[in-house]
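Listed below, chain by chain, are the residues.
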Amino acid sequence: MSGVVLTDSLYFPFFSLFRVFKKTSGNGHIALYLGKRDFVDHVDSVEVVDGVIKVDPSGLNGRKVFVYLACAFRYGSDDLDVIGLSFRRDIWVQRVQVYPPAGGNTTKSPMQESLLKKVGEQGCPFSFQMPTNLPCSVSLQPGPNDSGKACGVDFEVKAYLANAPDSADEVIEKKDTCRLMIRKIQFAPANNKAGPKADISKQFMMTDKPVHLEASLEKEIYYHGDPIIVNVKINNETTKVVKKIKVSVEQLTNVVLYSSDTYTKTVCSEEFGETVNANSTLEKSFQIIPLLSNNKEKRGLAVDGRLKDEDTHLASTTLSQGEKEMQGILVSYKVKVNLMVSSGGLLGGLTGSDVTVELPLALMSPKPAGEADITIASMEG
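Residues numbered from 1 in each chain as written. Predicted model: local features only at pLDDT ≥ 70, side-chain atom pairs only at ≥ 80, totals over all residues. Heavy atoms only, no water.

1. What to know about the pattern of salt bridges
Working step 1: Inspection of the entire model under this criterion finds 16 salt bridges.
Working step 2: In this structure, Lys 36 engages Glu 47 in a salt bridge whose closest nitrogen and oxygen atoms are separated by 2.9 Å. One end of the pair, Lys 36, is in the loop between strand E4 (30-34) and strand E5 (38-40); the other, Glu 47, is in the loop between E5 and strand E6 (49-55), with 11 residues separating them in the sequence.
Working step 3: A residue is classified by how much of its surface remains accessible, and Lys 36, at 27% relative accessible area, is partly exposed.
Working step 4: Here Arg 63 makes a salt bridge to Asp 176, at a shortest N to O gap of 2.9 Å. (Salt bridge = Lys/Arg side-chain N within 4 Å of Asp/Glu carboxyl O. Helix = DSSP H or I, 4+ residues; strand = E, 2+ residues; numbered from the N terminus. Buried < 20%, exposed > 50% of the residue type's maximum accessible area, 1.4 Å probe, protein only.)

Next comes the structure, spelled out in structure tokens:
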């Protein structure tokens with residue numbers, strides 16, 4: 001059996017090697033331990049956030065130790081806070097007292113059991129169950145010249161020393177706290193369904209017959225970085241000419257906080273030179289790949305939340321049960337197929353028109369292979 005090194009050897013009976021994340025307060029009186037920082041939202045349930053707080057009672061001076069999990073919307077960078085205002089709004093917060101213990105005996109996870117063996121009698125376990133109507137971790141991409149932390153939705157676990165769990169009159173110094181950022185993430189469901197289909201018929205002036213446009217996707221969900229195949233059928237019964245076909249992907253970011261605002265940004269757009277003459281048809285598949293690497297300069301684009309400075313990708317589609325309204329940032333996508341139609345005569349450029357159809361698109365990450373068999377290295381940070 002392999003062990004994990006966290007200052008000393010620490011053995012986990014259910015995992016071959018386990019990473020441990022640790023943060024210690026500035027005064028050294030409390031330390032926060034987490035077994036992981038990514039927690040999966042399965043739509044109908046969310047993984048429990050659990051860990052252990054190591055407490056040195058000698059430095060508490062009568063204060064208690066609390067830990068909270070907060071989901072917050074950050075709508076301004078820290079460097080904008082010049083008059084004591086907070087550019088952060090808590091969407092959901094839960095606090096528990098871990099020392100002195102306030103509750104009865106609770107069931108401990110294997111990770112907590114192993115951590116408690118490591119820290120000994122000074123260890124205090126905690127756990128949080130997030131509701132299913134919280135958004136996932138999402139950041140809004142800053143502009144090229146922006147500084148400070150990006151706006152978006154983030155999750156934080158923080159342990160602190162205080163006399164009360166939440167008192168506006170009590171000042172909690174930074175040296176009395178320790179915190180770790182975590183992420184709430186979703187993976188694509190295993191059962192990928194058939195893709196959507198949409199069609200439209202449009203008539204133009206001076207003609208009694210329409211242009212028929214049908215578009216479809218091969219599947220409902222696409223993984224980040226995979227090519228998206230858009231099947232297009234065109235039946236041009238008019239005397240006009242379809243001069244160009246444009247296929248694009250748009251990201252719709254719905255920001256639900258004090259009000260609900262939706263922002264649309266094109267993340268991929270390709271023009272194809274196929275023409276469809278009068279009284280002709282075309283049936284063809286077009287390939288597009290929306291990538292964050294092609295959208296690095298777009299301020300406000302939603303990207304999946306990141307920890308520190310690791311690479312990320314376009315924000316994943318938000319899945320929900322639709323029973324409770326979510327706050328925060330909700331992300332969706334759509335594919336647009338646009339036909340640029342002109343009469344083909346001398347006034348073709350002036351009398352042109354468009355035929356457009358839209359398809360819903362889900363962009364997500366697949367569940368990592370062997371996610372149930374976690375094998376990760378030890379780490380402090």
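2. Description of the packing of aromatic side chains
Working step 1: Under the definition given, this model contains four aromatic pairs.
Working step 2: By the ring-pair criterion, three or more aromatic residues cluster together here, those being Phe 66, Tyr 68 and Tyr 160.
Working step 3: Above the plane of the ring of Tyr 160 lies Lys 158, whose end atom (NZ or CZ) is 5.9 Å from the centre. (Phe/Tyr/Trp six-rings, centres within 6.5 Å; stacked < 30°, edge-to-face > 60°. Lys NZ or Arg CZ within 6 Å of the ring centre and 35° of its normal.)

3. Some details on the pairing of strand E11 (residues 152-162)
Working step 1: By the criterion of burial, E11 is predominantly enclosed, with 11 of the 11 residues buried.
Working step 2: The alternating pattern of E11 places Gly 152, Asp 154, Glu 156, Lys 158, Tyr 160 and Ala 162 and Val 153, Phe 155, Val 157, Ala 159 and Leu 161 on opposite faces, both of which are buried.
Working step 3: Where strand E7 (residues 64-74) lies against E11, 11 bridges are found, and the strand directions are antiparallel. Each residue of the ladder has a partner; that of Tyr 68, found in E11, is Lys 158. (Pairing = 2+ DSSP bridges.)

4. So, the side chain of Glu 156
Working step 1: With respect to the helices and strands, Glu 156 occurs in strand E11.
Working step 2: One polar contact links Glu 156 to Arg 179, side chain to side chain, over a distance of 2.4 Å.
Working step 3: Those residues within four positions of Glu 156 in sequence are excluded, and the remaining contacts are Tyr 68, Leu 69, Ala 70, Arg 88, Arg 179, Leu 180 and Met 181. (Polar contact = N/O pair within 3.5 Å; in protein donor to acceptor, adjacent residues only side chain to side chain. Contact = heavy atoms within 4.5 Å.)

5. Structural notes on unusual backbone geometry
Working step 1: Tyr 99 connects to Pro 100 through a cis peptide bond whose omega is -10°.
Working step 2: Positionally, Pro 100 belongs in the loop between strand E8 (88-99) and helix H1 (110-119).
Working step 3: Unlike most non-glycine residues, Val 43 shows phi in positive territory, near 75°.
Working step 4: Topologically, Val 43 is positioned in the loop between E5 and E6.
Working step 5: Assessed through its relative accessible area of 23%, Val 43 is described here as partly exposed.

6. Notes on the environment of Lys 36
Working step 1: In this structure the C-alpha to C-alpha distance between Lys 36 and Val 49, which are 13 residues apart in sequence, comes to 8.8 Å.
Working step 2: Looking at Lys 36, its side chain comes within polar contact range of the side chain of Glu 47, at 2.9 Å.

7. Details of the pairing of strand E21 (residues 328-342)
Working step 1: Where burial is concerned, most of E21 is hidden: 12 out of the 15 residues are buried.
Working step 2: Sheet topology places strand E17 (residues 241-256) next to E21; 15 bridges connect them, and they run antiparallel. Paired with Lys 246 across the bridge in E21 is Asn 338.
Working step 3: Across nine bridges, E21 lies against strand E22 (residues 353-364) in antiparallel orientation. What sits directly across from Leu 339, in E22, is Val 355.

8. Some details on the confidence of the model for the protein
Working step 1: Across the protein, the average pLDDT comes to 84, with 84% of residues at or above 70.
Working step 2: Confidence over residues 1-16 falls short of pLDDT 50; this stretch has 36 contacts with residues more than four positions distant or in other chains.
Working step 3: Under a pLDDT of 50 for its full length, residues 371-381 has, in the predicted model, 32 contacts with residues more than four places off or in other chains. (pLDDT = per-residue confidence, 0-100.)

9. A short note on the sheet that holds strand E3 (residues 21-24)
Working step 1: Strand order in the open sheet formed by four strands is E3-E4-E6-E9, and the pairing between neighbours is antiparallel. Lying at the two open borders of the sheet, with one neighbouring strand each, are E3 and strand E9 (123-128). Looking at each pair of strands side by side, their axes are set apart by 20° on average, direction ignored.
Working step 2: Alignment of E4 against E6, held across five bridges, turns out to be antiparallel. Considered in E6, the bridge of Ala 31 is made with Lys 54.
Working step 3: Lying on the sheet, H1 is in contact with E4, E6 and E9; it crosses E6 at an angle near 10°. (Axes fitted to C-alpha atoms, helices over the stretch in contact; angles between N-to-C directions.)

10. Quick notes on the nonpolar core
Working step 1: Counting 75 residues, the largest nonpolar core has Ile 53 and Ile 234 as its most contacted members.
Working step 2: Considering every element that reaches this core, the biggest residue donor is E21, with seven residues.
Working step 3: Excluding residues that lie within four positions of it along the chain, Ile 234 makes contacts with Val 211, His 212, Leu 213, Val 242, Ile 245, Val 276, Ser 280, Thr 281, Leu 282 and Leu 339.
Working step 4: Membership of the second largest hydrophobic core comes to eight residues, among which are Ala 31, Met 111, Leu 115 and Val 119. (Core = buried A, V, L, I, M, F, W, Y, C linked by side-chain atoms within 4.5 Å.)

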